[in-house]
Amino acid sequence: MKTLLTLVPFFALTSAFAALNQSPPTFSYKDGKAVYVDFESAAYDMTYDFQKKTATVTSSIVFNSPSEGYAIFDLVAEPTDVKIDGKAISAPSLQDPDKASTLRILDSRISSGKHTLTLTHQLTANVVWGEDGVASGFWTSDLNDRRYLEQYLPTNLEFDQYKMNLSVEVLGAPTNHVLKANGVVTSTGNNRFEVSYPKFYSASSSYFHLFREKSFVNNVQ
């Protein structure tokens with residue numbers, strides 16, 4: 001038992017940073033290094049406002065940084081109200097050293113260890129407003145750059161896996177909506193849902209489809 005208790009901290013540390021073994025190398029940025037981090041969890045609050053025809057996402061992400069530097073993540077949309085551990089910062093885009101892809105970076109140097117990132121953005125990709133509701137989906141592809149979850153939500157790169165939870169609400173719509181996902185979906189009220197994805201999902205794993213009730217006809221006999 002003593003041996004087991006001694007090994008627990010080691011395995012916990014190894015598990016926390018296992019994904020970083022697959023990450024690209026750090027690179028120079030400003031007066032330090034741009035570092036790839038390990039996402040621990042992400043909570044996304046998604047509000048589809050039918051009257052305003054806007055979809056707003058507020059995100060809270062807990063991550064571990066293996067060293068001091070400028071943390072890398074990704075989101076195609078321009079974020080607002082970006083904060084790291086409660087401090088207001090910016091999250092500009094930049095290209096990786098090979099100029100093969102575009103990323104986002106937290107423009108404030110952080111220490112190694114655990115941090116909390118919060119930000120807001122407007123979701124427009126694959127959001128279609130109809131006369132009485134909205135359709136929204138996460139469609140991903142590996143045929144072009146930045147076509148995974150970063151099209152829709154702030155995420156880490158494909159090397160990482162982490163726990164994701166979505167809180168989804170459709171405001172002011174005259175019809176009921178249905179949400180399908182490859183996670184655990186719970187209806188919490190009229191046009192309100194919670195989705196829990198497992199901790200081994202990556203940026204290419206999530207399926208999400210929100211649509212008006214009775215939009216599809218089941219012809220299976």
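Here is what the cut-offs are and how they apply
- Residues numbered from 1 in each chain as written.
- Predicted model: local features only at pLDDT ≥ 70, side-chain atom pairs only at ≥ 80, totals over all residues.
- Heavy atoms only, no water.
- Core = buried A, V, L, I, M, F, W, Y, C linked by side-chain atoms within 4.5 Å.
- Buried < 20%, exposed > 50% of the residue type's maximum accessible area, 1.4 Å probe, protein only.
- Helix = DSSP H or I, 4+ residues; strand = E, 2+ residues; numbered from the N terminus.
- Contact = heavy atoms within 4.5 Å.
- Pairing = 2+ DSSP bridges.
- Axes fitted to C-alpha atoms, helices over the stretch in contact; angles between N-to-C directions.
- Salt bridge = Lys/Arg side-chain N within 4 Å of Asp/Glu carboxyl O.
- Polar contact = N/O pair within 3.5 Å; in protein donor to acceptor, adjacent residues only side chain to side chain.
- pLDDT = per-residue confidence, 0-100.

S.K.: Help me understand the nonpolar core, please; the structure alone is not making it clear to me.
M.R.: A general tendency of soluble globular proteins is for nonpolar side chains to be buried together. Counting residues in each nonpolar core, the largest one holds 45 residues, and the members touching the most others are Met 46, Tyr 48, Leu 106, Leu 166 and Phe 208. No other element matches the 5 residues that strand β3 (residues 38-49) contributes to this core. Sequence-distant contacts of Leu 166, that is, excluding residues within four places in its chain, are made with Tyr 44, Met 46, Phe 138, Leu 153, Phe 193, Glu 194, Val 195, Tyr 197 and Phe 208. Of all hydrophobic cores here, the second largest spans 12 residues; its members include Phe 27, Tyr 29, Tyr 70 and Leu 103.

S.K.: What is the right way to look at the sheet that holds strand β8 (residues 93-95) in this model?
M.R.: Hydrogen bonds between backbone atoms are what pair the strands of a sheet, whose relative direction is either parallel or antiparallel. Strand order across the open sheet formed by 5 strands is β1-β2-β5-β9-β8, with mixed pairing between neighbours. The open sheet terminates on both sides in strands that have one partner only, identified here as β1 (27-29) and β8. Across the sheet, the mean angle separating the axes of adjacent strands is 45 degrees when strand polarity is ignored. Two elements, strand β2 (residues 32-36) and strand β5 (residues 70-73), share 3 bridges in a ladder whose sense is parallel. Pairing of Tyr 36 across the sheet is with Ile 72, part of β5.

S.K.: I keep staring at unusual backbone geometry and nothing clicks. Help me out?
M.R.: Here the phi dihedral of Asp 81 falls at roughly 50 degrees; this positive angle occurs in a residue that is not glycine. Within the fold, Asp 81 resides in strand β6 (residues 80-84).

S.K.: Would you mind showing me how to read the environment of Ser 65 here?
M.R.: Relative to the helices and strands, Ser 65 is located in strand β4 (residues 54-65). Accessibility expressed as a relative area gives 1% for Ser 65, which makes it buried. For Ser 65 and Ile 110, which are 45 residues apart along the polypeptide, the C-alpha to C-alpha distance reads 8.2 Å.

S.K.: What's the story with the pattern of salt bridges in this structure? I'm lost.
M.R.: Close approach of charged atoms allows side chains of opposite charge to pair. Counting across every chain of the model gives 7 salt bridges. With its nearest N and O atoms 3.3 Å apart, the salt bridge here joins Glu 68 to Arg 109. Of this pair, Glu 68 sits in the loop between β4 and β5 while Arg 109 is found in the loop between β9 (102-105) and β10 (113-122), placing the two residues 41 residues apart along the sequence. Given a relative accessible area of 39%, Arg 109 falls into the partly exposed group. Members of the salt-bridge network, linked through shared partners, are Asp 31, Glu 68 and Arg 109.

S.K.: Would you explain the side chain of His 177 in this entry?
M.R.: Looking at the element boundaries, His 177 is found in strand β14 (residues 177-181). For His 177, a relative accessible area of 6% translates into the label buried. A distance of 3.1 Å separates a polar side-chain atom of His 177 from the backbone nitrogen of Val 134. Ignoring any residue separated from it by four or fewer positions in sequence, one finds His 177 in contact with Asp 132, Gly 133, Val 134, Val 170, Asn 191, Phe 193, Leu 210, Phe 211, Arg 212 and Glu 213.

S.K.: Can you help me understand the environment of Ile 72 in this one?
M.R.: When you line up the elements, Ile 72 lands in strand β5. Along the chain, Ile 72 and Ile 105 lie 33 residues apart, while their C-alpha atoms are 4.5 Å from each other. Once residues within four sequence positions are removed from consideration, Ile 72 is found in contact with Phe 27, Ala 34, Val 35, Tyr 36, Val 37, Leu 103, Arg 104, Ile 105, Asn 156 and Leu 157.

S.K.: Sorry, what's going on with the confidence of the model for the chain here?
M.R.: It should be kept in mind that the predicted coordinates are not to be read in detail where pLDDT is low. On average, residues of the chain score 90 in pLDDT, and 89% of them are at 70 or above. Below pLDDT 50 for its whole length, residues 1-17 participates in 4 contacts with residues either more than four positions away or in separate chains.

S.K.: Honestly, the sheet that holds strand β16 (residues 192-197) in this entry has me stumped. Any pointers?
M.R.: With mixed pairing, 8 strands are arranged side by side in an open sheet as β7-β6-β10-β4-β3-β13-β16-β15. Two strands in the sheet have a free side with no partner beyond their single neighbour: β7 (87-88) and β15 (184-189). As judged from the 2 bridges shared by β6 and β7, these two strands associate in the antiparallel manner. Residue pairing across strands places Lys 83 opposite Ala 88, the latter belonging to β7.

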